[in-house]
Amino acid sequence: MRSESWSRLLAWLCVLGALLALAWPRFELSYDLGLFLPAPQNADQRVLVERLGEAPGARFMLLALPDEPARIRALIDRLEAEDAIERVLSDLTPPPDRPPEPLWKYRYLLADADWRVSGLRVALEQRLGELSLGANPGLESLVASDPHGVSLDILERLTPATDASWRSTDGRRVLIAVSRAPTFDLAGQARALEAVRKAIGETFDEPSSATLSGAGVFGVTLRDTIRTEATWRTLGASAAILVILLLAYRNLAVLVLAALPLVAGLVSGFSAVALLFGSVHGITLAFGFTLLGVAIDYPLHYLSRVRVDSVVGAVRSTWPTLRLSALSTGLAYLALVAGGAEGMAQLGVFSGIGVLAAAATTRWLLPALTPTSPTSLSAPSPPRLRFIVPALVAVLGGAVAGFAPAGPWWSSDLAALSPVPTDQLAEEGRLRQATGAPSLRYQVVLEDRDAEALQRRAHDLETVLEEARRRGLIEGFRTLATLLPAPERQRQRQADIPSSPQLASALASALDGLPFAAPAFSPFLQNAEASRQLPLLTLSLIH
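The structure contained in this document is the topic of the report that follows. Being a predicted model, the structure only gives us computed values, none of them experimental.

1. What to know about helix H3 (residues 69-80)
- The terminal C-alpha atoms of H3, which comprises 12 residues, lie 16 Å apart, in line with the 16 Å expected from a rise of 1.5 Å per residue.
- Within H3, the full set of buried residues consists of Ile 72, Leu 75, Ile 76 and Leu 79. One face of H3 carries all of its buried residues, which in axial projection span an arc of 105 degrees. Residues of H3 that are exposed and angled more than 90 degrees away from the buried face: Ala 70 and Asp 77.
- Contact partners of the buried residues in H3: strand E2 (60-65), strand E3 (85-89), strand E4 (173-179) and helix H8 (186-203).

2. Thoughts on the pattern of salt bridges
- A full pass over the atoms with the stated rule returns 21 salt bridges.
- For the salt bridge of Glu 86 with Arg 59, the shortest nitrogen-to-oxygen distance reads 3.3 Å. Here Glu 86 is found in strand E3, whereas its partner Arg 59 is found in the loop between helix H2 (43-51) and E2, with 27 residues between them in sequence.

3. Description of the packing of aromatic side chains
- As enumerated under the stated definition, the model contains 8 aromatic pairs in all.
- Where Tyr 108 meets Phe 524, the ring centres are 6.2 Å apart and the plane angle is 65 degrees; that geometry is what we call edge-to-face. Taken as a pair, Tyr 108 in helix H4 (residues 107-110) and Phe 524 in helix H21 (residues 522-533) lie far apart in primary sequence, 416 residues in all. Across the pair, exposure class does not vary: Tyr 108 and Phe 524 are buried alike.
- Stacked on the ring of Trp 104, the Lys or Arg Arg 107 has its end atom at 3.8 Å from the ring centre.

4. A look at the sheet that holds E4
- Taken in spatial order, the 4 strands of this open sheet run E3-E4-E2-E5, and their pairing is antiparallel. The sheet is open, and its two edges are formed by E3 and strand E5 (211-213), each paired on a single side. Averaged over all pairs of adjacent strands, the angle between strand axes in this sheet comes to 20 degrees, irrespective of strand direction.
- Here E2 runs beside E5; their pairing, made up of 3 bridges, is antiparallel. By the bridge assignment for E5, Leu 63 is matched with Leu 212.
- Across the sheet, H3 is in contact with E2, E3 and E4; its angle to E4 comes to roughly 0 degrees.
- Of the strands in this sheet, E2, E4 and E5 touch helix H17 (residues 422-435), which is tilted by about 90 degrees from E2.

What counts and what doesn't
Residues numbered from 1 in each chain as written. Predicted model: local features only at pLDDT ≥ 70, side-chain atom pairs only at ≥ 80, totals over all residues. Heavy atoms only, no water. Helix = DSSP H or I, 4+ residues; strand = E, 2+ residues; numbered from the N terminus. Expected span 1.5 Å × (residues − 1). Buried < 20%, exposed > 50% of the residue type's maximum accessible area, 1.4 Å probe, protein only. Arc of directions from axis to C-beta. Contact = heavy atoms within 4.5 Å. Salt bridge = Lys/Arg side-chain N within 4 Å of Asp/Glu carboxyl O. Phe/Tyr/Trp six-rings, centres within 6.5 Å; stacked < 30°, edge-to-face > 60°. Lys NZ or Arg CZ within 6 Å of the ring centre and 35° of its normal. Pairing = 2+ DSSP bridges. Axes fitted to C-alpha atoms, helices over the stretch in contact; angles between N-to-C directions.

What follows is the structure, encoded as structure tokens:
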């Protein structure tokens, strides 16, 4: 090899090495399918792209387990000890003694309470009847802080409307494990899924009898599928190109020279995506490498010409065409950047930059590495071998057509675009229905100028939805308006709370003749006074 050839090869290797050195520290392999969703342009799209993966219902992992209550309780204990699991919901676990914050603190603004002596008396008598059923330290503490029992009303509104027993159609018990990670955080979802599978394996004799479903489960499964497909597609495409080149040229030197532009395209495209986006999606690698396969034409056009011409003549005759092809192809791929979805932008950058880098390598590196005697690249194929490649393509095409599933070639069913099998989606729907978990299929989004106006509109919408439910138009609905009163209603309830001296006097009168000690209700007096000073509860505080 000439000294000029060594210099160009060394410079080429240095450029690729520098690109990898810059890109590798920022490289992170991503499987977030949300990257292939377009940038939201309106409220509906913002809900889908920005909020769908964050919604609590989207983080539900549904578990159908053998109906063995003791083992299920042990499983719940194991899962609640896992960092990746926020909480576990089950009909076997007792309901909480009090609402979560901030609903507990705001309970007197969220529900009606009768602050008159007569109202306090009635509430205290009801609590006395409940306590007489048996010793319950939790209930005693609740009565001392909330003799009206408004927190029980709030808890009832928080409880999903469903049958008493969470069972699937085949009789298995259903649990909900809520992951801490949002749905589109597949790494976090994978940790949650692994924790659940490990806990099931440690609890049940036959872990395979359990069914796991939910958006997070689907996402992790698809991530693994994408990873496998990316690997095998890349290996398959490389092997196919190798076989075709061996059959066509039967020369190892041609294989090495033809591989250099592909290597340059792969490294350049990968580095560009990593530097611009900070991560490379698995789909980008899988399909980007396939799209980049068009670049194999560039060295093959040049090398085929070299076999019958000089190096200079081959460059002069092929470069104008290759240059036009590379520019038009590269620009077409780069146009994907304007599509609005980061995943498509990654794919466009990877393929576009890769094609241009492959063309540049073909033009400025391959001529320097081509042997001075171009005939050394020649290896004419025997007449019988000339028909092997077309015959192989014909056989593969016939096999694809023969084994294709029966039915029409075209489909207008949008459900076919979902990578999740329909039977798994149906099973997920059945498990959600068994637990009363909210369905994410239909959602209503409201926007307004400020929080108070938004709350008013939410209450107006609740009235409409309740009428639709009463008429049988919809089965049911869940809305924060049921839990979050309008600002005017909160202000009225806050104004109705007596001052500490007035409430203490009314409580003393209400306790007359009842077996309660007045000092036991000091938490109630303190909480009521604190409620008088609270700012109004808003959606942002609940979230």
